[in-house]
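Notes for the structure review
Residue strings, one per chain:
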There are 2 protein chains.
Amino acid sequence: MILDPDRDLELTRLVSASPAQIWRCWTDPALLRRWWAPQPVETVEAVIELRPGGRFFTRMLHDGRSFPVEGTFLEIVPQERLVLTDALTAGWRPAPEPFFTAILTLAPEAGQTRYTARVLHRDAAQQRRHAEMGFHSGWGTALTQLEALAATL
Amino acid sequence: MILDPDRDLELTRLVSASPAQIWRCWTDPALLRRWWAPQPVETVEAVIELRPGGRFFTRMLHDGRSFPVEGTFLEIVPQERLVLTDALTAGWRPAPEPFFTAILTLAPEAGQTRYTARVLHRDAAQQRRHAEMGFHSGWGTALTQLEALAATL
């Protein structure tokens, strides 16, 4: 799918870990908690039901404030592609405050892994809002944390 | 999944047609146009890309006004289960005005087919809005039209 520059945000990087290691970091809740939030934000809860329509839940803690994200998985191709959204909750119910769909793709490249996270929004205003919330630095810092963790697996 | 009486609406009926016939009426756009809108409303366009993330689009015409619905498929189990939503559009982008997820199930029963359409909403207010828009009479009339069409296939 072609990037929509008005409504999408994308982070792509060559990562020094295998697709299998990165996949584990994304799909094992104990591992997800260790890299998902950019420090000093903490991920204090993570629930992963890895099937289409299964629950994806995280709760982050920052300065004593709680940031829950409730969503569901849309596509699961192990070690290649993972799609999740907060526009629907587990069992496909429309969500009260839909914001994003994230499409993660992993591909071997020159002995490393090409990691691409594309985030889709409903319109340009939502894209700008996400950019201003710090999408690039937030997802970038988290990816650096993921890379360090994946290398230890 | 258990019906949530505060947020879901459901229509269920024994239909005198086979699951295969009903499935064709739902998934062939030329057939869908013939039963989807309760008369005198007309379905003037229908696009069906029958895969998860594929486009589901209909446009109805009533008293000269146009009513488009843009959505996507979530689950497809031929002749058994079809799930679609307008909370996401084709390719999984969050939709501007999410309203419903529809879960259609078909099961053979006593030589006929048990047809169940459950519609999920994000909250009780949206459920009431859909009920007041005439969910039961609208979907009921459309189902009667579907039954008549399916019997001719």
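Let me begin by describing the structure that accompanies this report. (Residues numbered from 1 in each chain as written. Chains lettered and ligands numbered in written order. Predicted model: local features only at pLDDT ≥ 70, side-chain atom pairs only at ≥ 80, totals over all residues.)

Brief notes about the overall build of chain A
Along the backbone of chain A there are four helices and nine strands. Helices and strands in chain A line up, N terminus first, as β-α-α-β-β-β-β-β-β-β-β-α-α. Against the compact-globule benchmark of 15 Å for 153 residues, chain A has a radius of gyration of 15 Å, which places it among compact chains. When its C-alpha atoms are laid out on the principal axes, chain A stretches across 40 × 35 × 30 Å. Every one of the 153 residues in chain A was classed for burial, and the buried ones make up 29%. Considering only contacts within chain A whose residues lie at least 6 apart along the sequence, 46% involve residues at least 24 apart. (Helix = DSSP H or I, 4+ residues; strand = E, 2+ residues; numbered from the N terminus. Rg over C-alpha atoms; globule rule 2.2 N^0.38 Å. Buried ≥ 20, exposed ≤ 12 C-beta atoms within 10 Å, placed from the backbone. Contact = placed C-beta atoms within 7 Å.)

Considerations on the nonpolar core
The nonpolar side chains of a soluble globular protein tend to be buried, and buried together. Judged by nonpolar contacts, the single largest core of 28 residues is most densely connected at V83(A), L84(A), V83(B) and L84(B). Listing elements by their share of this core, those giving two or more residues are β4 (65-77), β5 (81-85) and β9 (112-120) of chain A together with β4 (65-77), β5 (81-85) and β9 (112-120) of chain B. In this view, L84(A) contacts F56(A), G71(A), T72(A), F73(A), L74(A) and A102(A); residues no more than four positions away in its chain are not counted. (Core = buried A, V, L, I, M, F, W, Y, C linked by C-beta atoms within 7 Å.)

A few points about the interface of chain B and chain A
Listed per partner, the contact involves 22 residues of chain B and 22 residues of chain A. Among the secondary structure elements, those contributing two or more residues to the side of chain B that touches chain A are β4, β5 and β7 (93-94) of chain B. Among the residues making up the side of chain B that touches chain A, the classes are represented as 14 nonpolar, four polar and four charged. (Nonpolar A, V, L, I, M, F, W, Y, C, P; charged D, E, K, R; others polar.)

Some remarks on the packing of helix α1 (residues 19-27) of chain A against helix α4 (residues 135-150) of chain A
All names here are of chain A. Here α1 crosses α4 at 115 degrees, and the two axes come no closer than 9 Å. Read as a crossing pair, α1 and α4 show a hand that is right-handed. Contacts from Q21, I22 and C25 of α1 reach α4 at L146, L149 and A150. Counted by class, the contact of α1 with α4 contains five nonpolar, one polar and no charged residues. (Axes fitted to C-alpha atoms, helices over the stretch in contact; angles between N-to-C directions. Left-handed = near helix turned anticlockwise from the far one by under 90°.)

Observations regarding the relation of the copies chain B and chain A
Note on the identical chains: chain B maps onto chain A by a rotation of 180 degrees and an axial translation of 0.0 Å, with an RMSD of 0.0 Å. The relationship between the two copies is best expressed as a two-fold rotation axis. Scanning chain B for the C-alpha nearest the rotation axis identifies A87(B), at a separation of 3.1 Å. Interface overlap between copies: 100% of the residues of chain B at the interface are likewise at the interface in chain A, consistent with a symmetric, same-surface contact. (Least-squares fit on C-alpha atoms with pLDDT ≥ 70 in both.)

Some details on the environment of W92(A)
Among the structural elements, W92(A) can be located in the loop between β6 (88-89) and β7 (93-94). Judged by the 22 C-beta atoms lying within 10 Å of it, W92(A) falls in the buried class. As a C-alpha pair, W92(A) and F73(A) span 19 residues in sequence and 9.4 Å in three-dimensional space. The contact partners of W92(A), leaving out residues within four places of it in the chain, are G53(A), L74(B), V83(B), T85(B), T101(B) and L120(B).

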